[in-house]
Amino acid sequence: MNNISNNLEKFGFDRWLLEKVAPETLEQFDIARVVAVHKDSYTISNGEVDVLAELVGKLIFSAASPVDYPAVGDWVLANYYDENTFAIIHEVLSRKSLLKRKTPGKKVDFQLIAANIDVAFIVQSLNENFNLRRLERYLVMVNEDKIKSIVLLSKSDLLDNEDITRIIDDIQKIMPGLQVVPFSNENESGLDSLKMIMQSGLTYCLLGSSGVGKTTLINNLIGESVYKTKTISKKESKGRHATTHRQLIRLDSGAMIVDTPGMRELGNFSVGTGLDETFSEIITLAEKCHFSDCTHVGEKGCAVLGAVEKGQLSAERYQNYLKMAKESSYNEMSYLEKRKKDKQFGKLIKTVLKHKNSQKGT
């Protein structure tokens with residue numbers, strides 16, 4: 001590609017992204033990728049060197065929400081200083097995809113996970129951590145941005161092949177065609193299959209709860225213990241997340257993978273497409289409901305409730321769909337109301353400042 005180095009191409013930059021950049025912009029700035037997000041700074045790479053970077057003031061003050069800030073995997077326009085040892089980020093380029101979730105707790109806002117992801121690895125371990133309902137939540141988040149999903153089942157050494165096959169069948173009943181790969185960090189079974197899946201130039205993301213083995217998997221893919229892991233509690237079969245910040249890691253194969261801290265809470269909002277994609281059989285059933293505005297809760301002639309009563313749709317999956325649909329709508333309304341209040345507060349501040357300035361002039 002014209003004006004783009006081979007190093008950036010190997011790092012995932014392609015023609016789609018290049019077409020989103022004005023030619024004159026390339027004369028003023030360098031293109032780099034965000035490889036780590038820290039509390040008040042970033043690490044970016046041009047494919048040759050990783051440097052610490054900060055945001056230009058204009059970008060900070062013009063940001064209307066967390067979505068306007070860089071995430072791991074983002075491509076940015078930057079200027080390098082001090083012999084390429086420090087950089088200032090001026091702009092975030094168009095994104096192919098953006099993984100995000102509701103901020104944990106009562107606060108209603110976005111929390112960025114990673115950008116420009118080609119494939120999301122959803123990791124669940126084959127012990128007490130495995131949960132179909134939690135898997136559905138991850139699938140909704142990933143499907144919302146039309147990112148390909150692959151489920152990784154860690155700790156396969158804990159179960160026999162018959163039990164693993166049963167669990168894979170349960171997963172594929174809710175998402176036919178979904179690729180599922182069991183593996184073990186302990187005896188390394190399945191790791192070769194996983195390595196064969198990962199393609200050079202593509203960006204993958206690890207999603208999952210604490211203690212499912214994401215960081216150990218990273219170390220196994222790298223071939224050495226580069227990243228720290230933490231001991232799992234035998235009592236709760238849970239681990240404290242070893243990853244404290246999101247980072248993009250380049251493998252020798254040319255594939256890139258984003259490691260993320262474990263998620264104890266996964267809230268979604270504004271995920272209509274993700275819900276429809278993940279619960280496609282419920283959407284198909286809904287088309288047969290007697291009422292076009294059926295809520296699938298108590299209406300007569302509801303095809304969805306009929307399928308639950310006949311055992312064609314599991315009650316647990318139905319309840320999870322209703323719960324996430326209600327949660328998504330509530331969070332979206334709360335977020336829009338928050339944005340409305342923020343704008344009103346901003347207008348109030350401007351009015352007060354304008355009034356003060358006019359008084360000074362008199």
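Whatever comes next refers back to the structure up there.
Residues numbered from 1 in each chain as written. Predicted model: local features only at pLDDT ≥ 70, side-chain atom pairs only at ≥ 80, totals over all residues. Heavy atoms only, no water.

1. Section: helix α6 (residues 161–174)
The terminal C-alpha atoms of α6 lie 21 Å apart, and with 14 residues this matches the ideal 20 Å at 1.5 Å per residue to within 8%. Of the residues making up α6, those classed as buried are Ile-164, Ile-167, Ile-168, Ile-171 and Ile-174. What you see down the axis of α6 is that its buried residues fit within an arc of 125°, all on one side. Every exposed residue of α6 that faces more than 90 degrees away from the buried side is listed here: Asn-161, Glu-162 and Lys-173. (Helix = DSSP H or I, 4+ residues; strand = E, 2+ residues; numbered from the N terminus. Expected span 1.5 Å × (residues − 1). Buried < 20%, exposed > 50% of the residue type's maximum accessible area, 1.4 Å probe, protein only. Arc of directions from axis to C-beta.)

2. Overview of unusual backbone geometry
The phi dihedral of Asn-84 is positive, around 60°, even though this residue is not glycine. Structurally, Asn-84 can be placed in the loop between β4 (75–81) and β5 (86–92). A positive phi is found at Lys-155, a non-glycine position, where the angle reads about 60°. With respect to the helices, strands and loops of the structure, Lys-155 is situated in the loop between β9 (148–154) and α6.

3. What about the packing of helix α5 (residues 132–144) against α6?
Running from N to C, α5 and α6 point in directions that differ by 45°, and their axes come no closer than 11 Å. With respect to α6, the element α5 is oriented oblique. Between α5 and α6 lies a crossing of right-handed hand. Contacts from Leu-132, Leu-135 and Glu-136 in α5 reach Asp-170, Ile-171 and Ile-174 in α6. For the contact of α5 with α6, the class distribution of residues is 4 nonpolar, no polar and 2 charged. (Axes fitted to C-alpha atoms, helices over the stretch in contact; angles between N-to-C directions. Parallel < 35°, antiparallel > 145°, perpendicular 65-115°, else oblique. Left-handed = near helix turned anticlockwise from the far one by under 90°. Contact = heavy atoms within 4.5 Å. Nonpolar A, V, L, I, M, F, W, Y, C, P; charged D, E, K, R; others polar.)

4. A few points about the pattern of salt bridges
By the definition in use, this model includes 8 salt bridges. Salt-bridge contacts for Arg-95 lead to Asp-74; the nearest nitrogen and oxygen are separated by 2.8 Å. Note that Arg-95 is positioned in the loop between β5 and β6 (98–102) and Asp-74 in the loop between α4 (57–62) and β4, a separation of 21 residues in sequence. Judged by its relative accessible area of 21%, Arg-95 is partly exposed. Put simply, Glu-327 and Arg-137 hold a salt bridge, and the shortest N to O gap is 2.8 Å. With Glu-327 in helix α12 (residues 315–360) and Arg-137 in helix α5, this pair connects stretches of sequence that are 190 residues apart. Arg-137 gets classed as buried once you look at its relative accessible area, which sits at 12%. Three or more residues joined by partner-sharing salt bridges are found here, namely Arg-133, Glu-136, Glu-281 and Arg-317. (Salt bridge = Lys/Arg side-chain N within 4 Å of Asp/Glu carboxyl O.)

5. A closer look at the packing of aromatic side chains
Under the counting rule described, the total for this entry stands at 4 aromatic pairs. Aromatic pair Phe-121 and Tyr-204: ring centres 5.2 Å apart, planes at 15°, arrangement stacked. Of the two residues, Phe-121 sits in strand β8 (residues 119–125) while Tyr-204 sits in strand β11 (residues 203–208), which places them 83 residues apart along the sequence. Looking at Phe-121, the relative accessible area reads 1%, which means it is buried. Joined through ring pairs, the aromatic side chains of Phe-11, Phe-13 and Trp-75 make up one cluster. We note Lys-20 situated over the ring of Trp-16; from NZ or CZ to the ring centre the distance is 4.1 Å. (Phe/Tyr/Trp six-rings, centres within 6.5 Å; stacked < 30°, edge-to-face > 60°. Lys NZ or Arg CZ within 6 Å of the ring centre and 35° of its normal.)

6. Digging into the nonpolar core
With 43 residues, the main nonpolar core has Phe-13, Trp-75, Leu-99, Leu-153, Ile-171 and Leu-207 as its most contacted residues. The element contributing the most residues to this core is α5, with 6 residues. Filtering out sequence-adjacent residues up to four positions away, Ile-171 remains in contact with Phe-130, Leu-132, Leu-135, Val-151, Leu-153, Leu-178 and Val-180. Listed in part, the 20 residues of the second largest apolar core include Leu-194, Leu-206, Leu-217 and Leu-221. (Core = buried A, V, L, I, M, F, W, Y, C linked by side-chain atoms within 4.5 Å.)

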